[in-house]
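Survey of secondary and tertiary structure
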Amino acid sequence: MKVASDVPERGHRQLRKGRHSIPGAYYSVTMSTIRRKPLLADAKIANVIFETLDWLETNGRCSWFCLIVMPDHIHTVNQLGDNQTLSRLVKSLKNYTAKQINARLGRSGSLWQAAYHEHGVRKEESLNSIIRYCYENPVRSGLAKAAKDYPYWWCKFKME
């Protein structure tokens, strides 16, 4: 018989337990807007996210390979820079983009959910399938008939 102390804690704090970052490793990260509000479905807003990742890459914080900006979440596939942790990278991305996007939308308050989903990529073929999954997300969501037609994506690799 299980007692309350045997039942694992639930929620996003539990997700962070055991999470560690490896500089140079590849990660797939999904971040959602607060209450999944569709705040990102605009070229100017998507550009904030693209430009922020460009800045992070230029400053050695990461190398990014794929980014899809959906109306209420983003998918990134990136490689951590030296002396970088995934949590610091995500915190920088969330903090800066929230300020910029809130200013452009004339709003205040939280933009991103506190939690995020990450997956450490272990094999090259896994990296390819994760990039393909991100790329095809707008089609699965009914936002485009073909992935290449969706306007808010970027990938370093030729797709199709």
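Data block above holds the structure.
First things first, this report covers the structure right here in the doc. (Residues numbered from 1 in each chain as written. Predicted model: local features only at pLDDT ≥ 70, side-chain atom pairs only at ≥ 80, totals over all residues. Heavy atoms only, no water.)

Bringing helix 4 (residues 124–140) into the picture now. Here helix 4 spans 24 Å end to end across 17 residues, near enough to the 24 Å set by a 1.5 Å rise per residue. Of all the bends in helix 4, the greatest, near 30 degrees, is centred on Cys134, and the proline Pro138 appears no more than four residues after it. Among the residues making up helix 4, those that are buried are Leu127, Ile130, Ile131, Cys134, Tyr135, Asn137 and Pro138. Phi turns positive, to about 80 degrees, at Gly142, one or two residues after helix 4. (Helix = DSSP H or I, 4+ residues; strand = E, 2+ residues; numbered from the N terminus. Expected span 1.5 Å × (residues − 1). Bend = angle between axes of the 7 residues up to and from the residue. Buried < 20%, exposed > 50% of the residue type's maximum accessible area, 1.4 Å probe, protein only.)

The next point concerns the sheet that holds strand 3 (residues 73–80). Taken in spatial order, the 5 strands of this open sheet run 4-1-3-2-5, and their pairing is antiparallel. Since the sheet does not close on itself, it has two edges, and those belong to strand 4 (117–121) and strand 5 (153–155), each with one partner. Within this sheet the neighbouring strands show an average axis-to-axis angle of 20 degrees, counted without direction. Here strand 2 (residues 62–69) pairs with strand 3 via 7 bridges, running antiparallel. Bridging from a neighbouring strand, Cys62 pairs with Leu80 of strand 3. (Pairing = 2+ DSSP bridges. Axes fitted to C-alpha atoms, helices over the stretch in contact; angles between N-to-C directions.)

A few words on empty space enclosed by the protein. Over the atoms rolls a probe the size of a water molecule, and in doing so it shows where empty space is left. As enumerated under the stated definition, the model contains 1 cavity of 30 Å³ or more in all. Looking at the largest cavity, its volume works out to about 50 Å³. Taken together, Val29, Leu53, Thr76, Asn78, Leu89, Val90 and Leu93 make up the lining of the largest cavity. Elements supplying a minimum of two residues to the lining of the largest cavity: strand 3 and helix 3 (86–105). Sorting elements by how many residues they give to the lining of the largest cavity places helix 3 first, with 3 residues. The class makeup of the residues in the lining of the largest cavity is 5 nonpolar, 2 polar and no charged. (1 Å grid on protein atoms, 1.4 Å probe; cavity = no way out; pocket = protein on both sides within 12 Å on 5 of 7 lines; lining within 4 Å. Points joined across faces, edges and corners; volume = space filled by probe spheres on them. Nonpolar A, V, L, I, M, F, W, Y, C, P; charged D, E, K, R; others polar.)

The next thing to look at is unusual backbone geometry. Positive phi is not limited to glycine here, since Arg36 has a value of about 55 degrees. You can see Arg36 is positioned in the loop between strand 1 (26–32) and helix 2 (43–58). Although it is not a glycine, Asn83 sits at a positive phi angle of roughly 55 degrees. Relative accessible area serves as the criterion here: at 67%, Asn83 is assigned to the exposed category.

At a closest axis distance of 10 Å, the pairing of helix 2 and helix 3 adopts a crossing angle of 145 degrees. For the crossing formed where helix 2 meets helix 3, the hand is right-handed. Contacts from Lys44, Ile45, Val48, Ile49, Thr52, Leu53 and Leu56 of helix 2 reach helix 3 at Leu89, Ser92, Leu93, Tyr96, Thr97, Gln100, Ile101, Arg104 and Leu105. The class makeup of the residues in the contact of helix 2 with helix 3 is 10 nonpolar, 4 polar and 2 charged. (Left-handed = near helix turned anticlockwise from the far one by under 90°. Contact = heavy atoms within 4.5 Å.)

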